[in-house]
Amino acid sequence: MAPVDPHSYTDSAHPLTTHVSLSLYFDFPSSTIHAAALLNLSSPYSGQLSLDARSLTVHGVLDPQTLAPLPFTLSPPDAVKGSLLSIALDSQASVLILYSTSPDSSALQWLSPPQTFNKKHPFVYTQCQSIHARSVFPCQDTPAARICYSAKLNVPRELSAVMSARHSGRRDPVAGDVSEGFKKVDSAAGLNFESLWCGDGRVVEEFVMEQPIPPYLFAFAVGELGSREVGPRTMVYAENVAAVLDSAASEFAGTEDMVRQGEKLFGEYPWERFDLLVLPPSFPYGGMENPRMVFLTPTVIKGDASGAQVVAHELAHSWTGNLITNINNEHFWLNEGFTRYAERRIVEVVQGEERAILSMGIGWRSLNEAMERFKDNTEFTKLKTNQEGIDPDNVYSQVPYEKGFQFLARIERQIGRPAFDEFIKKYIENFKFKSIDTGTFLEFLKANVPGIEKEVDLKLWTEGTGIPPDAYEPVSDLYTTIVSLANEFKLGRMPREDEVANWRGQEWELYLENLPKCVEASQVLALDARYRMSESKDYEVKVAFLQMAISSKCRDYYPEVEKTLKEVGRMKYLRPLYTALVQGSGNEEEKILAKRLFAEARECYHPIAQGVVESILAKHL
Ligand SMILES: [Zn+2]
């Protein structure tokens, strides 16, 4: 009897769930899903089975064979883990749970029509990483427990549904979809699941996922969706607005090239389809690597290289993360460090070495900034972390990405690229569809690269704090030029137009990130007067500029800060802007502004982003 994951109630002595069948009825007016979940276990079990749940109302639990009710308890919620759903089993190998989600389910964002592009229909989508799947269905919500699933989504007929799973049909609902046993539970709960399910104007979309995934990769979106084909295994989906679909299709036209590069590096693409879903601007991440269908922020559509880099990243997760998965969030670098490394290998081939080095340079800056952020809490500057009692959303940072990248690049430098490529292929083949920890990775590394521990300090890299001395700041002519121009700005010289004539978003981003955080307000105004960064369509550039404007108390730009915080919900932008407003002292006006903006914009953010902004404000106000 031992927990397998600091973020889950899953018990190592219990059988794991192998398959889940879900029937989900979407009630948009109440932002609720009424649902049935049938969980199949790897073996029959007698005793209390522990499942994770968050903000779920459980109406009843049944033995699916006999339809007899099974006793259960739902604990008061723990702030990080949510509730323990404990079900008393007597030799059952499956359980049927009838439940409803809550409007504040942490995985779900319900958008009213005015919050969408087309303004006509509502929209809902999931973001389950790291520990939010439990707010959509009760489960052993740990990557240590991989599941296959099937799902029936009952939605209004004018909408359609997509999932990170194979679509197997769209049809009218029938009474047979609803288990007999629910009739008794229904009357007790005051619900009539069958009449809801078969109501007028409803349609059922069916999906199956036959490859075992960690629960955090469970994903769906429901709305008025359209699509465009951009490659032999890629469709781009978005709200059915021609302008959005067209710009997405042209931004992602090169996707198939990247999939082929990924295959050269890692072996055959394992998930059949590689579709892309562009979400409304409130999507909290750049991208989420949901298998078969990557979810993306619309802010990556900007007509330059960096949007494709986000797709390269999510694509690389098809192998590192989705195929081999960290056993829990304490080993998150195994997902993200490998994927950042692979992303840059794909970028190097598709966009050239110069682009890959710029991306490393931006990463190097963000790694150094993360070290600064955690200077009083150095646990989170390690690759392998202790997350007992820690909410993973609150310690999310670039450390697992960029320090993980640095570690793998260090091993590559030691043994050479051909040998490292060979090692990666072997690693993927050996651990596919498994969830592993840092120790397992290190053992495999030592077994396959004999003597590596004498050349690279593996313990320092994985367990030490800070940036190891043998990490590597990238160099290239362009990178060096940008950094030295940024240094000259400190002495009062702005780059000349001919020096920046060929710069794209990433060059500007790197330039801005190398400027001092705080300069004279007059310098901020002069820079913007010449290069118009406050109006950039590229949020990376715009946000880096606005962050400097806030830290320099250049209040002319606060209306633009307000506009930005109200139009996007990507945490990569919310985190630095809110932090710049509230950290430090002598900025009472900024603190009041931050509070007002969050109160007004809150509804437009996904619940995960709401929680992150709340924790930033709580820390500084
Ligand atoms: Zn990633």
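Refer to the structure presented above.
What counts, and at which threshold
Residues numbered from 1 in each chain as written. Predicted model: local features only at pLDDT ≥ 70, side-chain atom pairs only at ≥ 80, totals over all residues. Heavy atoms only, no water. Salt bridge = Lys/Arg side-chain N within 4 Å of Asp/Glu carboxyl O. Helix = DSSP H or I, 4+ residues; strand = E, 2+ residues; numbered from the N terminus. Buried < 20%, exposed > 50% of the residue type's maximum accessible area, 1.4 Å probe, protein only. Donors = N, O, S within 2.8 Å, 3.2 Å for Na, K, Ca; no water. Core = buried A, V, L, I, M, F, W, Y, C linked by side-chain atoms within 4.5 Å. Contact = heavy atoms within 4.5 Å. Pairing = 2+ DSSP bridges. Axes fitted to C-alpha atoms, helices over the stretch in contact; angles between N-to-C directions.

Visitor: Could you give an account of the pattern of salt bridges, naming the residues involved and the relevant values?
Guide: A side chain of one charge can pair with a side chain of the opposite charge when the charged atoms of the two come close. Counted by the stated rule, this structure contains 47 salt bridges. Lys446 serves as the salt-bridge partner of Glu443, at 3.5 Å between the closest nitrogen and oxygen. Taken together, the positions of Glu443 and Lys446, both in helix 10 (residues 438-448) and three residues apart, correspond to about one turn of that helix. The exposure class assigned to Lys446 is partly exposed, which follows from its relative accessible area of 30%. The salt bridge partner of Glu562 is Lys566, with a shortest N-O separation of 2.8 Å. Of the two residues, Glu562 and Lys566 both sit in helix 17 (residues 558-567), four residues apart, roughly one turn of that helix.

Visitor: Now, about the coordination of the zinc ion: what can you tell me, with residues and values included?
Guide: Looking at the zinc ion, the protein donor atoms are His313 (NE2), His317 (NE2), Glu336 (OE) and Glu336 (OE), and they sit 2.0 to 2.7 Å from it. A relative accessible area of 0% places His317 in the buried class. What makes Glu336 buried here is its relative accessible area of 1%.

Visitor: Describe the nonpolar core, listing the residues and the values that go with them.
Guide: Judged by nonpolar contacts, the single largest core of 190 residues is most densely connected at Phe26, Leu153, Phe220, Tyr427, Phe441 and Tyr578. Discounting residues that sit within four places of it in the chain, Tyr578 has contacts with Leu565, Ala594, Leu597, Phe598, Ala601, Tyr605, Val613, Ile616 and Leu617. One finds Leu62, Val185, Phe193 and Val204 within the second-largest nonpolar core, a separate group that totals eleven residues.

Visitor: Hey, could you go over the sheet that holds strand 16 (residues 287-288) for me, with residue numbers and the actual values?
Guide: The strand order 13-14-15-17-16 describes an open sheet built from five strands, whose pairing is mixed. Of all the strands in the sheet, just strand 13 (225-231) and strand 16 have a single pairing partner and so form its edges. Both strand 16 and strand 17 (residues 293-296) contribute to a ladder of two bridges, which runs antiparallel. Each residue of the ladder has a partner; that of Gly287, found in strand 17, is Leu296. In the packing of helix 3 (residues 242-251) onto the sheet, contacts are made with strand 13, strand 14 (234-239) and strand 15 (275-278), and the angle to strand 13 comes to roughly 20 degrees.

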